[in-house]
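Okay, here's what each chain looks like letter by letter:
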Amino acid sequence: MAVVSPSESANKGRSDLIAYATLSLISIFCAVPFFWVLLASFDGNAQLFLHWPEQWTLANYVRVFSKEDGAKWLFNSLFVVGSATLLVMVLSGLGGYALSRTRAWWKLPFLYAILLIRVLPPTALVVPLYKFLLTLNNAEAAVLRPVFGSYARDIMRWTGFIDGYLGLILVLATMQLPLALWIMKTFFDGLPRDYEEAALMDGATLVQRIRRVLIPLALPGLAAAGLFAFMSAWGDFLLPLIFLSSPELQTLPLGLFRAFLRINEIDYGLLTALAFIYLLPAVVAFGFARRFLVQTLSGGVKG
Amino acid sequence: MARNSHEKRAERQWLLILLPSLVLLLAFVIYPAIYSVYLSFTNEALTGAAALRPRFVGFRNYTRLFNDAKFWNALFVTFVFVIGSAVIGQFVLGLISAMALRRPIRFRRLFSSIILLPNAAPEVVAGFMWISMLAGGENATLSRIVSFFGVTPADWLQVFPLSMIIIVNTWRGIATAMILLTAGLSTIPAEIYEAARMDGATPSQMFRRITLPLMMPTILLYMLISAVSTIAVFGLVYALTRGGPGGATEVVSIYIYNQSFTAFQLGYGAAVAVVALVISLILGIAYVRAMKVEV
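Predicted model, so just to flag it, every value in this text is computed and none were measured.

A. Here's a closer look at the overall build of chain A. A tally of helices and strands in chain A yields 12 helices and 0 strands. When the helices and strands of chain A are read in sequence order from the N terminus, they spell out α-α-α-α-α-α-α-α-α-α-α-α. The C-alpha radius of gyration of chain A comes to 25 Å, more than 25% above the 19 Å expected for a compact globule of 303 residues. Counting only C-alpha atoms and orienting by the principal axes, one finds that chain A spans roughly 75 × 65 × 35 Å. Long-range contacts, defined here as pairs at least 24 residues apart, represent 68% of the contacts in chain A between residues at least 6 apart.

Take a look at the structure:
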């Protein structure tokens, strides 16, 4: 233990002070934009700029759910993003397990390939995706129409590829798959094989082993993969913008964006209340994912 | 022999389990990427005669790209956007945050939570928040703040559009930089700093001679990851400026969108998309190689 000299401790105090000062400045920079959404959503006279509400009110939130389509947008978003997240969890759970346990030649090329897939900008894929989904959609409609007649339209709303939920769910899930597969592969790598081998000894089939042994063990990993999938799919704006056009199918980011486009008559109270509702699940998910976030990103650094 | 065939069957089983993921990735990422290359050689359009009967036009879209001032503008704007927000803004603020959070000071968790917050904001919400900060001339939140310091208020998004989207994207990405660089910093053994301090090294010497060189692999990975993800940014810029005013913030992703869904020129938009795909792939391959070195 070195004895701390007075000058050294003064030096340390000064460095701490610098740390406090810089962190405070950066935190203010990070936090201030949030105040507008927070304050204006409870303001009876909300404006585009930040100001302290003179009359606090919940009226904006009431209006979001009563007069506007807020409840519908929220439900649509939860349904689409929730389905995509579930799909990602199932597929990455299975695929990650396979990637962790296999010793086949295709394992490493595949792992690097999905890293490269993650790199491709979605905007560059969206036009061919749109054309492809349109083709699938027309094919589906051609099959459904003669069979279901006038009901085909309602069925297409849920199972359509363009202006229907199925296409959006599948594409959203696919975009999240590479990261989720890596998370799950790394997670299963850290799980000892003893349990599976014991179950194998007992004569359990693969399906039994997966259901009784692996799923319970894999839950923390699945939670991480699901949280990341949920966070980026929840925030995504491009895909619903391109793939959905019917008003009744709109998700939160689109409803929010269109509400903001009503030039001259933007209702800032309503807009910020909607934005706050949209923000909340993202922040909560982020809070939960925090621990995994550090692991995942730093895991990426170490490979 | 029997064992060998059993193993082969087991390996096939793994491929079968991976198959659903593989099918989705092939259908919705690989196929569109290849289709994009095909489209870029046609005069495909969203409406009009070309929409009904698209023709193969060879390299015409690419020769047009070469002479298209708006395309070169988009490439330049993207370059400035990536350098400004990812390579400089997020990196510098992320590194400062990471180094400050290494000190055993109080409220560390609170500080890092606040710095993580912007990353949680969905693109559209982030866009609106910053419109509130920047738009409205004298009334804008930022104008009110800076007028305290004697700065003339302005319509920031109109006067400094590119700088503003750089600032907003910096704001959004400090967290990622901070987390990655924290991980990198944690791999440097404390003894090295102790030894340097014994030898009388100043903090700036230690930063230049120890921290930076030992952080180089992490910094390289960070630069590649952040460049790739900044090229993909769409919603944030779209919500803020939609590429305007006058193309000042028209990054490549906005240009692709405008060509394809505003001008309806899918073939030409695809040619721009192919350029974006190639640039991203080159950076991505560099990223995978840099990672391999570390494995």
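B. Structural view of the overall build of chain B. Helix and strand counts for chain B stand at 14 helices and 0 strands. Each helix and strand of chain B, placed in order from N terminus to C terminus, yields the pattern α-α-α-α-α-α-α-α-α-α-α-α-α-α. What you see for chain B is a C-alpha radius of gyration of 24 Å, clearly larger than the 19 Å of a compact globule of 295 residues, by over 25%. In terms of its C-alpha atoms, chain B occupies a principal-axis envelope of roughly 80 × 75 × 30 Å. The 295 residues of chain B split such that 53% are buried.

C. Seen up close, the interface of chain A and chain B. Taken residue by residue, the interface counts 92 residues in chain A and 95 residues in chain B. The interface formed by chain A and chain B contains 2 salt bridges. Its salt-bridge partner being B:Arg103, residue A:Asp16 comes within 2.7 Å of it at the nearest N-O pair. Taken together, the connections running from chain A to chain B amount to 6 residue pairs in polar contact (both at pLDDT 80 or more).

D. Up close: empty space enclosed by the protein. Residue and element names in this part refer to chain A. In total, this model carries 4 cavities of 30 Å³ or more according to the counting rule given. The computed volume of the largest cavity comes to approximately 70 Å³. Looking at the largest cavity, the residues that line it are Ser 77, Val 80, Val 81, Leu 168, Leu 172, Ala 233, Trp 234, Asp 236, Pro 240, Thr 251 and Pro 253. Mapped onto the lining of the largest cavity, the elements with two or more residues apiece are α3 (70–101), α7 (165–189) and α9 (206–235). For the lining of the largest cavity, the leading source of residues is α3, giving 3 residues. For the lining of the largest cavity, a count of residues per class yields 8 nonpolar, 2 polar and 1 charged. Counted as a void, the second largest cavity has a volume near 40 Å³. Lining the second largest cavity, in full, are Ala 259, Arg 262, Glu 265, Ile 266, Asp 267, Leu 270 and Leu 271. Taken together, the residues of the lining of the second largest cavity break down into 4 nonpolar, no polar and 3 charged.

E. Seen up close, the pattern of salt bridges. Scanning all chains against the criterion turns up 7 salt bridges over all chains. The partner of A:Asp69 in a salt bridge is A:Lys72, and the shortest N-O contact between them spans 3.9 Å. Judged by relative accessible area, A:Asp69 falls into the partly exposed class, the value being 35%. Take A:Lys72: its relative accessible area is 32%, and that puts it in the partly exposed class. Across the salt bridge formed by B:Glu194 and B:Arg197, the nearest N and O atoms sit 3.3 Å from each other. Linking B:Glu194 with B:Arg197, this pair stays in helix α10 (residues 190–198), spanning 3 residues, or about one helical turn. In this structure B:Arg197 comes out as partly exposed when scored by relative accessible area, which is 43%.

F. Region of the structure containing α9(A). Helix length check: α9(A) (30 residues) gives 37 Å between terminal C-alpha atoms against 44 Å at 1.5 Å per residue, more than 12% under. Roughly 55° is the biggest bend found in α9(A), and it falls at A:Leu219, with proline A:Pro220 one to four residues downstream.

G. Quick peek at the UniProt feature "transmembrane region" (unreviewed entry) in chain B. Residue and element names in this part refer to chain B. Mapped onto this structure's residue numbering, the UniProt feature "transmembrane region" (unreviewed entry) falls at residues 14–34, 71–98, 110–133, 145–168, 219–240 and 266–288. Annotated as residues 145–168, this span is 62% helix and 0% strand, and its ends, taken at the C-alpha atoms, are 17 Å apart. Counting secondary structure, residues 219–240 comes out at 86% helix and 0% strand; the distance between its end C-alpha atoms is 29 Å.

H. A look at the nonpolar core. With 197 residues, the main nonpolar core has A:Phe243, A:Leu256, B:Phe28, B:Phe128 and B:Trp171 as its most contacted residues. Per element, the largest residue contribution to this core is 16 residues, and it comes from helix α12 (residues 268–302) of chain A. The residues contacting B:Phe28, other than those within four sequence positions of it, are A:Leu129, A:Phe132, A:Leu133, A:Leu136, A:Leu170, A:Val171, A:Thr174 and A:Met175.

I. The packing of aromatic side chains, seen in detail. Considering all chains together, one arrives at 38 aromatic pairs over all chains under this definition. A ring pair is formed by B:Phe66 and B:Trp72, whose centres lie 5.7 Å apart and whose planes are at 85°; its orientation type is edge-to-face. What makes B:Trp72 partly exposed here is its relative accessible area of 39%. Taken together, the ring pairs in this structure connect A:Tyr130, A:Phe237, A:Phe257, B:Phe234, B:Tyr238, B:Tyr257 and B:Phe261 into an aromatic cluster. When the ring centre of B:Tyr268 is taken as reference, the NZ or CZ atom of B:Arg64 above it lies at 3.7 Å. The side chain of B:Arg242 reaches across the aromatic face of B:Tyr238, ending 5.7 Å from its centre.

J. Expanded view of the packing of helix α5 (residues 108–120) of chain B against helix α9 (residues 161–186) of chain B. Residues and elements named next belong to chain B. Between α5 and α9, whose axes approach to 6 Å, the crossing angle comes to 125°. Taken together, the axes of α5 and α9 are oblique relative to one another. Considering how the two elements wind past one another, α5 and α9 form a crossing that is left-handed. Contacts from Ser 112, Ile 115, Leu 116, Pro 118 and Asn 119 of α5 reach α9 at Trp 171, Arg 172, Ile 174, Ala 175, Thr 176, Met 178 and Ile 179.

K. Region of the structure containing unusual backbone geometry. All names here are of chain B. Positive phi, normally seen in glycine, also occurs at Phe 107, with a value near 60°. Topologically, Phe 107 is positioned in the loop between α4 (69–102) and α5. What makes Phe 107 partly exposed here is its relative accessible area of 48%. Here Phe 264, not a glycine, exhibits a phi torsion of approximately 65°, which is positive. With respect to the secondary-structure elements, Phe 264 resides in the loop between α13 (252–262) and α14 (266–294). Note on Phe 264: relative accessible area 31%, which makes it partly exposed.

Reading the values: rules and limits
- Residues numbered from 1 in each chain as written.
- Chains lettered and ligands numbered in written order.
- Predicted model: local features only at pLDDT ≥ 70, side-chain atom pairs only at ≥ 80, totals over all residues.
- Heavy atoms only, no water.
- Helix = DSSP H or I, 4+ residues; strand = E, 2+ residues; numbered from the N terminus.
- Rg over C-alpha atoms; globule rule 2.2 N^0.38 Å.
- Contact = heavy atoms within 4.5 Å.
- Buried < 20%, exposed > 50% of the residue type's maximum accessible area, 1.4 Å probe, protein only.
- Salt bridge = Lys/Arg side-chain N within 4 Å of Asp/Glu carboxyl O.
- Polar contact = N/O pair within 3.5 Å; in protein donor to acceptor, adjacent residues only side chain to side chain.
- 1 Å grid on protein atoms, 1.4 Å probe; cavity = no way out; pocket = protein on both sides within 12 Å on 5 of 7 lines; lining within 4 Å.
- Points joined across faces, edges and corners; volume = space filled by probe spheres on them.
- Nonpolar A, V, L, I, M, F, W, Y, C, P; charged D, E, K, R; others polar.
- Expected span 1.5 Å × (residues − 1).
- Bend = angle between axes of the 7 residues up to and from the residue.
- UniProt positions renumbered as here; feature names shortened; annotations may be inferred.
- Core = buried A, V, L, I, M, F, W, Y, C linked by side-chain atoms within 4.5 Å.
- Phe/Tyr/Trp six-rings, centres within 6.5 Å; stacked < 30°, edge-to-face > 60°.
- Lys NZ or Arg CZ within 6 Å of the ring centre and 35° of its normal.
- Axes fitted to C-alpha atoms, helices over the stretch in contact; angles between N-to-C directions.
- Parallel < 35°, antiparallel > 145°, perpendicular 65-115°, else oblique.
- Left-handed = near helix turned anticlockwise from the far one by under 90°.

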